[in-house]
Amino acid sequence: MFDLTKYEDRLREKIGDKRFNHSLRVYQTALEINDKIDEEKIREASLLHDCAKYNEKYYLDKYKDKIDFSKDIINNKFVLHAFLGSIVAKQEYSIEDEEVLDAIRFHTTARPKMTKLDKIIFLADSIEPNRSYPGVIKLRELAHKNLDQAVLFSLNATIKSLIDRNIEICRLTIDARNYLIKEKDE
């Protein structure tokens, strides 16, 4: 069990008050859209989803022997913190639950065959109350009704935005979208 009182000072020091408060909002949002998932898993994944943010270079060096993801991930500044976060959560915050570690790892990219926990953390990060961007109101409504529809809506919007900004799209994101499309059509 993740003891926030034991780790709060360290987490705040590493990610800062602003990001820590974001994580608290993600936790509250995740509880609101929870679909019968263990609240402790939600708590751990929510509070630690950004535990490697802003310190990617440090963690890349510190855990180079534990890195098992591609150079595409390492070179993608938008998703790297999530993949490193799963390592940091395990090594520095004593998280052993693979489902929680996966929810942290894939909270920015998504992936095919997402678990409910993956979907909840992915969406809560996108719709927490301080998020403001075109489509967020509709995404919030969908997240409270149907997790799969909300994830698909979010992935479509993300892919369109990345294309419009001429930014590389992580293959996992495309694969996650395609998987949901196939599941919806079956």
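I will try to describe carefully the structure that is included in this document. (Residues numbered from 1 in each chain as written. Predicted model: local features only at pLDDT ≥ 70, side-chain atom pairs only at ≥ 80, totals over all residues. Heavy atoms only, no water.)

1. Brief notes about the environment of Leu172
And then number 1: Relative to the elements of secondary structure, Leu172 occurs in helix α10 (residues 171-185).
And then number 2: Leu172 gets classed as partly exposed once you look at its relative accessible area, which sits at 22%.
And then number 3: Considering only alpha carbons, one finds Leu172 and Gly16, 156 residues apart in sequence, at a separation of 29 Å.
And then number 4: Contacts of Leu172, omitting those with residues within four sequence positions, involve Phe83, Phe106, Thr109, Ala110, Arg111 and Pro112. (Helix = DSSP H or I, 4+ residues; strand = E, 2+ residues; numbered from the N terminus. Buried < 20%, exposed > 50% of the residue type's maximum accessible area, 1.4 Å probe, protein only. Contact = heavy atoms within 4.5 Å.)

2. Let's talk about the nonpolar core
And then number 1: In terms of nonpolar packing, the biggest core is built from 56 residues, with Leu48, Tyr93 and Leu123 touching the most fellow members.
And then number 2: Excluding residues within four positions of it along the chain, Leu123 makes contact with Ile33, Leu139, Ala143, Leu147, Ala150, Val151 and Ser154. (Core = buried A, V, L, I, M, F, W, Y, C linked by side-chain atoms within 4.5 Å.)

3. Notes on the pattern of salt bridges
And then number 1: Evaluated as defined, the whole model comprises 16 salt bridges.
And then number 2: One salt bridge in this structure joins Lys64 and Asp61, with 3.2 Å as the shortest N-O distance.
And then number 3: In this structure Lys64 comes out as exposed when scored by relative accessible area, which is 58%.
And then number 4: Via salt bridges that share partners, Asp102, Arg105, Arg111 and Asp118 belong to a single interconnected network. (Salt bridge = Lys/Arg side-chain N within 4 Å of Asp/Glu carboxyl O.)

4. Comments concerning the layout of surface pockets
And then number 1: Its volume calculated, the largest pocket comes out at about 870 Å³.
And then number 2: Taken together, 31 residues form the lining of the largest pocket, with Phe78, Thr108, Ser126, Thr158 and Arg165 sitting closest to its centre.
And then number 3: Broken down by secondary-structure element, the contributors of at least two residues to the lining of the largest pocket are α7 (116-127) and α9 (147-164).
And then number 4: A total of six residues in the lining of the largest pocket trace back to one element, the largest contributor, which is α9.
And then number 5: Split into classes, the residues belonging to the lining of the largest pocket amount to 11 nonpolar, 11 polar and nine charged. (1 Å grid on protein atoms, 1.4 Å probe; cavity = no way out; pocket = protein on both sides within 12 Å on 5 of 7 lines; lining within 4 Å. Points joined across faces, edges and corners; volume = space filled by probe spheres on them. Nonpolar A, V, L, I, M, F, W, Y, C, P; charged D, E, K, R; others polar.)

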